[in-house]
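# Fold and geometry: a report
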Amino acid sequence: MPRKFFVGGNFKMNGVADSLSSIVANLNAAQVDPNTEVVIAPPSLYLLLVRQLADPKFAVSAQNVFDKPNGAFTGEVSVEQLRDAKIDWTIVGHSERRTILKEDDDFVARKTKAAIEGGLNVILCIGESLEDREADKTLDVVTRQLNAVAGVLSKEQWAKVVIAYEPIWAIGTGKVATTQQAQEVHATIRKWLADKISPEASDNTRVIYGGSVSEKNCRDLAKEPDVDGFLVGGASLKPAFVDIINSNI
Ligand code: 13P
């Protein structure tokens, strides 16, 4: 079975009820490739609204989750609460949380495990900074980020993970990775899955690209053998998101 193309829309901290409702209405009305899995991630306050408004063929994702089941953790949202709200996915380890909120590899790994054990699917974000890339450390960094998660998940639990490779220098900058840069890292991730997890995980895990994906560059990226879809920020708020969803046809 080929890997199903996967496109996520990460709305980040954008939108209010009105604007998010029209984004969802546009998506509901669009012709989208039925062979692409589409997941949208609104701000947590609007998860219930978006789940209510979105066509059931679209999955809804949180942008973050906490690693503890409940208790005195002011401002956090639990896996159980997301499941109760009919949310099936969460993003974990986004670089904005790693850098601005100082989330480290172990915390990201614990959240990934808690999410999967509680029944969520996870979009696990990894990626290097410009400094790392210029120092030729890209593959070391992504491998280190993945090793932390491999340390806590069973081999079978990788079936619940989509890996999003998002080079930090490409996020929100308009400076998309070249097709070769993306393919090189994605192929390394797939080899890492084969060596560290299992041949099945290597064959079946979607590795998606994020960072300045647009309706202009998505088709070339989608042609790369190890690019299984996208995690889209800015463009997921615009009508162009539909073109990105349909970039694999
Ligand atoms: P942009 O598409 O805005 O570069 O953001 C990418 C991203 O961070 C998705 O998670």
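Our structure's up above, just so we're on the same page.
Residues numbered from 1 in each chain as written. Predicted model: local features only at pLDDT ≥ 70, side-chain atom pairs only at ≥ 80, totals over all residues. Heavy atoms only, no water.

## Some words on the nonpolar core
As a reminder, the rule being used: Side-chain atoms within 4.5 Å link the members of a nonpolar core, which is a set of buried Ala, Val, Leu, Ile, Met, Phe, Trp, Tyr and Cys residues. Each residue is assigned to one of three classes by its accessible area relative to the maximum for its type, calculated with a 1.4 Å probe on protein chains only: buried under 20%, partly exposed between the two thresholds, exposed over 50%. Each helix is a run of H or I in the DSSP string that is no shorter than four residues. Each strand is a run of E no shorter than two, and both are numbered from the N terminus. Contacts are assigned to residue pairs that have any heavy atoms within 4.5 Å of one another.
Ile40, Leu124, Trp158, Ile189, Tyr209 and Phe230 are the most contacted members of the largest nonpolar core, which has 65 residues in total. Among the elements that line this core, the one with the most residues is helix α8 (residues 179–197), at 6 residues. Each residue touching Ile189, except ones within four places of it in the same chain, is listed here: Ile126, Leu146, Ile163, Tyr165 and Val207. Core analysis: the next-biggest nonpolar cluster, separate from the first, contains 12 residues, Trp89, Ile91, Ala164 and Leu231 among them.

## Here we look at the site of the ligand
Using the following cut-off: Throughout, the term near means that a residue has one or more heavy atoms lying within 4 Å of the molecule or strand in question. Any pair of nitrogen or oxygen atoms within 3.5 Å is treated as a polar contact; in protein, a donor-acceptor pairing is required on top of that, and neighbouring residues in sequence qualify only through side-chain atoms on both sides. Here the accessible surface of atoms and residues is derived via Shrake-Rupley with a 1.4 Å probe, and residues count as covered only by protein chains that are part of the display. Lining residues are those with an atom within 4 Å of a point, where the points come from a 1 Å grid over the protein atoms alone and group into cavities, where a 1.4 Å probe fits but cannot get out, or pockets, open sets with protein on both sides within 12 Å along at least five of seven lines. Assignment to a cavity or pocket requires that more than half of a molecule's atoms be within 2 Å of the site's grid points. Each residue receives one of three labels: charged for Asp, Glu, Lys and Arg, nonpolar for Ala, Val, Leu, Ile, Met, Phe, Trp, Tyr, Cys and Pro, and polar for the others, Gly being one of them.
Around the ligand lies a shell of 13 residues, among which Lys12, His94, Gly172, Ser212 and Gly234 are the nearest. Between the ligand and Asn10, the relevant distance is 3.0 Å, taken from an oxygen atom to a side-chain nitrogen or oxygen of the residue. The contact in question runs from an oxygen atom of the ligand to an N or O atom on the side chain of His94, over 2.8 Å. In isolation the ligand exposes 300 Å². Once the protein is present, 94% of that is buried. According to the grid-proximity analysis, the pocket containing the ligand is the second largest pocket. Across the shell around the ligand, the residue classes break down as 4 nonpolar, 7 polar and 2 charged.

## Examining the pattern of salt bridges
This is how the line gets drawn: The salt bridge definition used is simple: a Lys or Arg side-chain nitrogen within 4 Å of an Asp or Glu carboxyl oxygen.
Summed over all chains, the structure comprises 17 salt bridges. Notably, a salt bridge pairs Lys113 with Glu117, separated by 3.4 Å at the nearest N-O pair. On the criterion of helical spacing, the pair formed by Lys113 and Glu117 is a turn pair, its members being 4 residues apart in helix α5 (residues 105–117). Exposure remark for Lys113: the relative accessible area of 28% places this residue in the partly exposed category. Where salt bridges share partners, they join Arg3, Arg190, Asp226 and Asp228 into one cluster.

## A closer look at the layout of surface pockets
The following threshold applies: Grid points are joined across faces, edges and corners, and a volume is the space filled by probe spheres set on the points.
Approximately 520 Å³ is the volume attributed to the largest pocket. Taken together, 21 residues make up the lining of the largest pocket; nearest its centre are Lys12, Met13, Gln63, Asn64 and Arg97. The class makeup of the residues in the lining of the largest pocket is 11 nonpolar, 6 polar and 4 charged. Its boundaries defined by the atoms lining it, the second largest pocket holds a volume of some 270 Å³. Lining the second largest pocket are 19 residues, with Ser212, Val213, Gly233, Gly234 and Ala235 positioned closest to its centre. In terms of residue class, the lining of the second largest pocket is made up of 6 nonpolar, 9 polar and 4 charged.

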